[in-house]
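# Coordinate inspection notes
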There are 2 protein chains.
Amino acid sequence: MNRLLKTHIPLCGFMELAIKSLESHSIIATAPIQPNRNMHGTGFAGAQYSLAVATGWALVQNRLDVAGMEGQLVVREATIHYKYPVTSDITLKAEFEVEMNDSELRSKMAEEGRINFPLTIAIYSEDKRCAYLNADYVVLGRA
Amino acid sequence: MNRLLKTHIPLCGFMELAIKSLESHSIIATAPIQPNRNMHGTGFAGAQYSLAVATGWALVQNRLDVAGMEGQLVVREATIHYKYPVTSDITLKAEFEVEMNDSELRSKMAEEGRINFPLTIAIYSEDKRCAYLNADYVVLGRA
């Protein structure tokens, strides 16, 4: 998944996004501050968003892979809240609030042709929750 | 402003964000699809957001510069809506919905210690409005 992100999304390579832990229900990723800074030396708002949206994407894509499912994964909309400046290296964390097992996922896709994955991705720096992203991922079934 | 963005925000340099037109009330910027693509060859959700938030930032920062004002410009929260895939090079457009003249800006800062700049930044590709970002910029006065 790390290689997928970095090879196929140039921005993820540049931002040095690295997945540290990826389970079927949760993910932890990191990135250094250096490529992701703004003119104040703190985390650029856009970099924080990009790291978070890619981390959430990886969690949902991995969940589909685990379930042996295919589908087109997109983000419909997302809201980011910035609470404190990101002053050092960045850690991203996300987990599913509602867990569906593989057969639930497959029957939902068969019945509705899509699955919504609302997700909150938290952005930490120096153990402080500096920002969080609420993103609405949607998996569309292959027609 | 172009140099400021590219020199001091590494991500803006990588994304090749280029300001094409910057007036006190409006901005137009562009970026090529290549560094901003995802694994499908369309615009990466994070890149679209980053280009848009930096474009809005440049418009507000320039407005402060024009008014001869100083202050700390931050984004509090922002929501992006993705409507269509970005299939080619990207154009960003934003303008202020409410225009305040310099003296209005200065008296607002003097009275309230902050100025809110809610802004919508539209993301176009091949003349189609593919996405838009609603971002709440805030300028905080120097204490």
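All values reported here derive from a predicted model rather than from experimental measurement.

## Remarks on the overall build of chain A
Counting secondary structure elements, chain A contains 4 helices and 6 strands. Computed over the C-alpha atoms, the radius of gyration of chain A is 15 Å, within 12% of the 15 Å expected from 2.2 N^0.38 for a compact globule of 143 residues. Oriented by its inertia axes, the alpha-carbon framework of chain A measures out at about 50 × 30 × 25 Å. Here chain A holds 143 residues, and the buried ones make up 50% of them. Nonlocal contacts in chain A, meaning residues at least 24 apart in sequence, comprise 69% of its contacts between residues at least 6 apart. Carbon together with sulfur atoms contributes 44% to the accessible area of chain A, which is approximately 6600 Å² in total.

## Here's the deal with the pattern of salt bridges
Taken as a whole, this structure holds 4 salt bridges over all chains when the rule is applied. R63 of chain A serves as the salt-bridge partner of D102 of chain A, at 2.8 Å between the closest nitrogen and oxygen. Highlighted residues: D102 of chain A in helix α4 (residues 102-112) and R63 of chain A in helix α3 (residues 45-66), separated in sequence by 39 residues. Measuring nitrogen to oxygen at the nearest pair gives 3.4 Å for the salt bridge that ties K108 of chain B to E112 of chain B.

## Considering a positive patch on the surface
A cluster of basic residues, R76 and R114 of chain A together with K83 and R129 of chain B, forms a positive patch on the protein surface. Position of R129 of chain B among the secondary structure elements: in strand β6 (residues 128-140). Residue classification places R129 of chain B among the partly exposed residues on the basis of a relative accessible area of 40%.

## Examining the interface of chain A and chain B
Many authors give the size of an interface as the accessible area that is lost as the parts come together. Taken together, the contacts link 30 residues of chain A with 30 residues of chain B. Buried surface at the junction of chain A and chain B, summed over both partners, amounts to about 2600 Å²; 69% is from carbon and sulfur atoms. Summed over the three residues of chain A that lose the most area to chain B, namely L11, M39 and F44 of chain A, the buried surface amounts to 23% of that side. Where chain A packs against chain B, one counts 14 residue pairs in polar contact (both at pLDDT 80 or more). Looking at the side of chain A that touches chain B residue by residue, the classes come out as 20 nonpolar, 7 polar and 3 charged. Examined bridge by bridge, strand β3 (residues 72-82) of chain A and strand β3 (residues 72-82) of chain B share 5 bridges and lie antiparallel to one another. The residue bridging I80 of chain A from the neighbouring strand is A78 of chain B, located in β3 of chain B.

## Examining α3 of chain A
Compared with the 32 Å implied by 1.5 Å per residue over 22 residues, the 32 Å span of α3 of chain A between its first and last C-alpha is a close match. Across the 22 residues that make up α3 of chain A, a large majority, 20, are buried.

## Some remarks on the relation of the copies chain A and chain B
At an RMSD of 0.0 Å, chain A and chain B line up after a rotation of 180° and a shift of 0.0 Å along the axis. Given the turn and translation reported, the copies of this chain are related as if by a two-fold rotation axis. Judged by C-alpha distance, T79 of chain A is the residue of chain A that lies nearest the rotation axis, at 2.1 Å. Take the interface residues of chain A: 100% of them recur as interface residues in chain B, which is what a same-surface contact looks like.

## Topic: the state of the cysteines
The bond known as a disulfide is covalent and runs between the sulfur atoms of two cysteines. Applying the stated criterion to the full structure yields 0 disulfides over all chains. There is no disulfide at C12 of chain B, and the cysteine sulfur nearest it, in C12 of chain A, is 16 Å away. Taking the relative accessible area as the measure of exposure, C12 of chain B reaches 0% and is therefore buried. Of all cysteine sulfurs, the one in C12 of chain B lies closest to C130 of chain B, which takes part in no disulfide; the gap is 20 Å. Take C130 of chain B: its relative accessible area is 1%, and that puts it in the buried class.

Thresholds, definitions, all that
- Residues numbered from 1 in each chain as written.
- Chains lettered and ligands numbered in written order.
- Predicted model: local features only at pLDDT ≥ 70, side-chain atom pairs only at ≥ 80, totals over all residues.
- Heavy atoms only, no water.
- Helix = DSSP H or I, 4+ residues; strand = E, 2+ residues; numbered from the N terminus.
- Rg over C-alpha atoms; globule rule 2.2 N^0.38 Å.
- Buried < 20%, exposed > 50% of the residue type's maximum accessible area, 1.4 Å probe, protein only.
- Contact = heavy atoms within 4.5 Å.
- Areas by Shrake-Rupley, 256 points an atom, 1.4 Å probe, with all protein chains shown as cover.
- Salt bridge = Lys/Arg side-chain N within 4 Å of Asp/Glu carboxyl O.
- Patch = residues over 30% accessible without salt bridge, like charges linked within 9 Å, V, L, I, M, F, W, Y side chains within 5 Å.
- Lys, Arg positive; Asp, Glu negative; His and termini not counted.
- Charge placed at Lys NZ, Arg CZ, Asp CG, Glu CD.
- Buried area = accessible area lost by both parts, 1.4 Å probe.
- Polar contact = N/O pair within 3.5 Å; in protein donor to acceptor, adjacent residues only side chain to side chain.
- Nonpolar A, V, L, I, M, F, W, Y, C, P; charged D, E, K, R; others polar.
- Pairing = 2+ DSSP bridges.
- Expected span 1.5 Å × (residues − 1).
- Least-squares fit on C-alpha atoms with pLDDT ≥ 70 in both.
- Disulfide = S-S within 2.5 Å.

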